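# Architecture and fold: a report
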Amino acid sequence: MTSRPKIIGRLFPTWAWVAIFSLLGSAVAGAFIPRHLPHIHDEFAYLFAGQTFAHFTLTNPTPPLWRFFESHHILMEPSMMAKYPAGPGLALALGFWLGNPLYGIWLTGAAFAAATTWMLRGFFAPRWALLGGVLISTQFGPTHYWTQSYWGGALTATGGALVFGGACRIWRRPRTGDALLLGLGVVILMHTRPFEGLLACLVPAGLVLRRWLGHDGAGHRPTLVHFVLPCSAVIALGALALAYSNLRVTGSPWHLPYLEYEHRYLGTPAFTWQSEPTEEPAFTNSAFADFYQDYVQTLRYEQPSVAARLAVRLRLLAADYFGWALGALALVGVLWQPDWRVRLALTSIAVIALPLALSYLFMPHYQAPAAALGGLLAITGLRRLFLSLPRRRRHFGFVAALLLLAQGLSLAGDTSNQRRLAPRRIVPLRQKIEDSLIAGAGRHLIFVQLVKPYYLHETWVFNYAPIDAQPVIWAWDRGPAENRLLMDTYRDRNAVRMTLRDGKITFSEHPDAAPPPLTPP
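None of the values given here were measured: they were computed from a predicted structure.

Let us now look at the overall build of the protein chain. For the protein chain, the count of helices and strands is 22 helices and 6 strands. For 521 residues, the compact-globule estimate of 2.2 N^0.38 gives 24 Å, and the C-alpha radius of gyration of the protein chain, at 25 Å, lies within 12% of that figure. Its C-alpha atoms put the protein chain at 85 × 50 × 45 Å along the principal axes. Classification of the 521 residues of the protein chain by burial places 54% in the buried group. Once local pairs closer than 6 in sequence are excluded, the contacts in the protein chain between residues at least 24 apart make up 76%. Element-wise, carbon and sulfur atoms account for 65% of the exposed surface of the protein chain, whose accessible area totals about 23,500 Å². Each charge sign in the protein chain was given a centre, from 45 positive and 29 negative side chains, and these centres are 20 Å apart.

Take the pairing of strand S5 (residues 494-501) next. Of all 8 residues in S5, 6 are buried; the element is thus mostly enclosed. Two strands pair when backbone bridges link them, and strand S3 (residues 444-451) and S5 are joined in this way by 8 bridges, in the parallel orientation. Residue pairing for S5: valine 448 is matched across the bridge by methionine 498. With 6 bridges connecting them, S5 and strand S6 (residues 504-509) associate as antiparallel partners. Residue arginine 497 lies in a different strand from S6, and its bridge partner there is serine 508.

The subject of this paragraph is a nonpolar patch on the surface. Together, Leu23, Phe56, Leu94, Trp97, Leu98, Tyr103 and Leu107 line one region of the surface with nonpolar side chains, adding up to about 680 Å² of accessible area. With 3 residues, the top contributor of residues to the nonpolar patch is helix H4 (residues 86-98). With respect to the element layout, tryptophan 97 can be found in helix H4.

Within this structure, the stated rule accounts for 4 cavities of 30 Å³ or more. As a volume, the largest cavity reaches approximately 150 Å³. In this structure, the largest cavity is lined by 16 residues; those nearest its centre are Pro88, Trp151, Gly152, Gly153 and Thr156. For the lining of the largest cavity, the secondary structure elements donating two or more residues are H4, helix H5 (101-121) and helix H8 (154-172).

This part covers the pattern of salt bridges. Under the defined criterion, the tally for this structure stands at 20 salt bridges. Taking the shortest distance from any N to any O, the salt bridge between lysine 83 and glutamate 262 comes out at 2.9 Å. Here the residue lysine 83 occupies a position in the loop between strand S2 (81-82) and H4, and glutamate 262 occupies one in helix H12 (residues 257-266), the gap between them amounting to 179 residues. Among the residues examined, glutamate 262 registers a relative accessible area of 15% and is labelled buried.

With that settled, consider the sheet that holds strand S4 (residues 472-476). Strand order in the open sheet made by the 4 strands is S4-S3-S5-S6, with mixed pairing throughout. The open sheet has two edge strands with one neighbour each: S4 and S6. Mean inter-strand twist for the sheet, computed between neighbouring axes without regard to direction, equals 30°. Where S3 meets S4, 5 bridges bridge the pair, whose relative direction is parallel. The partner of valine 448 across the bridge, within S4, is tryptophan 476. Contacts between helix H22 (residues 480-489) and the sheet are confined to S3, S4 and S5, with S3 contributing the most and set at about 160° to the helix.

A complete count under the given rule lists 26 aromatic pairs for this structure. Between tyrosine 145 and tryptophan 151, the ring centres sit 5.5 Å apart and the planes meet at 70°, which makes this aromatic pair edge-to-face. Per residue, the accessibility class of tyrosine 145 equals that of tryptophan 151, and both read buried. Taking 5.4 Å as the distance between ring centres and 50° as the angle between the ring planes, the aromatic pair formed by phenylalanine 283 and tyrosine 292 counts as tilted.

What follows is about the layout of surface pockets. Of the voids in this model, the second largest pocket is the one considered here, and its volume is about 560 Å³. Taken together, 22 residues make up the lining of the second largest pocket; nearest its centre are Leu314, Leu317, Phe322, Ile349 and Leu377. Those elements that provide at least two residues to the lining of the second largest pocket are helix H14 (306-321), helix H15 (323-335), helix H16 (340-352), helix H17 (354-358) and helix H18 (371-388). When grouped by side-chain class, the residues that make up the lining of the second largest pocket number 19 nonpolar, 3 polar and no charged.

Within the element layout of this structure, threonine 459 appears in the loop between S3 and S4. Note on threonine 459: relative accessible area 6%, which makes it buried. In terms of polar contacts, threonine 459 uses its side chain to reach the side chain of histidine 41, at 2.7 Å. For threonine 459, the residues in contact, after removing those within four places along its chain, are Ile40, His41, Phe44, Ser71 and Arg430.

Here is what the cut-offs are and how they apply
Residues numbered from 1 in each chain as written. Predicted model: local features only at pLDDT ≥ 70, side-chain atom pairs only at ≥ 80, totals over all residues. Heavy atoms only, no water. Helix = DSSP H or I, 4+ residues; strand = E, 2+ residues; numbered from the N terminus. Rg over C-alpha atoms; globule rule 2.2 N^0.38 Å. Buried < 20%, exposed > 50% of the residue type's maximum accessible area, 1.4 Å probe, protein only. Contact = heavy atoms within 4.5 Å. Areas by Shrake-Rupley, 256 points an atom, 1.4 Å probe, with all protein chains shown as cover. Lys, Arg positive; Asp, Glu negative; His and termini not counted. Charge placed at Lys NZ, Arg CZ, Asp CG, Glu CD. Pairing = 2+ DSSP bridges. Patch = residues over 30% accessible without salt bridge, like charges linked within 9 Å, V, L, I, M, F, W, Y side chains within 5 Å. Salt bridge = Lys/Arg side-chain N within 4 Å of Asp/Glu carboxyl O. 1 Å grid on protein atoms, 1.4 Å probe; cavity = no way out; pocket = protein on both sides within 12 Å on 5 of 7 lines; lining within 4 Å. Points joined across faces, edges and corners; volume = space filled by probe spheres on them. Axes fitted to C-alpha atoms, helices over the stretch in contact; angles between N-to-C directions. Phe/Tyr/Trp six-rings, centres within 6.5 Å; stacked < 30°, edge-to-face > 60°. Nonpolar A, V, L, I, M, F, W, Y, C, P; charged D, E, K, R; others polar. Polar contact = N/O pair within 3.5 Å; in protein donor to acceptor, adjacent residues only side chain to side chain.

If you want it as structure tokens, here you go:
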């Protein structure tokens, strides 16, 4: 084992240096985006959750006339809250408290880099763990959508790194601190991506169980006090928090908001083994009906074969999680005398990847619990190549610099949507309209009317809670009679109808309402 470089360990632990490196990189890249704005439905929902938590509440009461304010991925009954687990929203709440919700995202990126470094330290000497943490922090930041959008992904990956790192340490020597961090990793997965998180915990659980039962003899069994109780206590607290959050949002500790939303608005099963519902949801909003019929159902019935779907998704994951530089090293690690570390990583990745072939929906962050294992495979391959060199040619600094250069070239050649900053510099049209209204006088109420064809993934109706406090309220146009009820509720606001048709926006005066001083941007 090579000792930790003195300059690294003197001020901060290795993982802390990597976290600082990641945070600075995200901040520098983020400086090139004038305004960090949400662009798609999911980001708006995550921000809504973050704003709710930032006000120290778990959910919001259902507003009167709530059908005017329905927004994608936000549950309206029995309470008003984003359908997603609480973890990403809590990270954004931290950002809100610090002055910008994106700060919370940058911190999750730094946490992922630190957790990966800590995990790798359980498998390798400090310098290899440091290099692996730096490589991971560049692969998933600073321009990656995990650190420059409100979709996230880094927090889930942090949970996976803590679970795998904790299991490795407990296998070698059960300690209370490692047990607590493993339990924390399980809780993070529970509150970010519960299904994939459960799959991620299966192999580490088997490893820890085997160690606890004492395959090396009774003298090596971890004690109840050092491992079982601390880890179980953390997981139990996380489960209680999840149950209480469910109770507040859906009225049942056992019913996730995600499932309640899917039942009300989507109805299409997420996995191939689930049967199609006998009837589609009873939509009262044409925008949600369009999303269901033209996107969700199309996605389900126009899927390629399982083999073709799996090949496309694996190719996307390989490009996003590795690139050609880390991918080549990972391939070396897999093919060149694979040891127990490689077998552990490959088995875990295979289990976590099961939904790739069995689900209709896919995004790279669905596989985030396995992200740190990519770093493990890459460092394994690099270390094997390094040790194959004659001893006099093993210059770690030169090899590290060469690898970082190759990593930089790999990232520079990646023009995928997951890593492009240019689209995030564009101010959405909805935001331009809202900015124009806020810059003028008065308070406003906009009735939105969408006419096919239009872009299904663009968010128009979205309001923070409490809705009454917003300077501009966005609402669906539900016809003259119902609109009149809403205008009676907000008599102090200028009401206007906005119509989106063929990509063009027109404004018209609503009956009995004075239009705001607005020119379409």
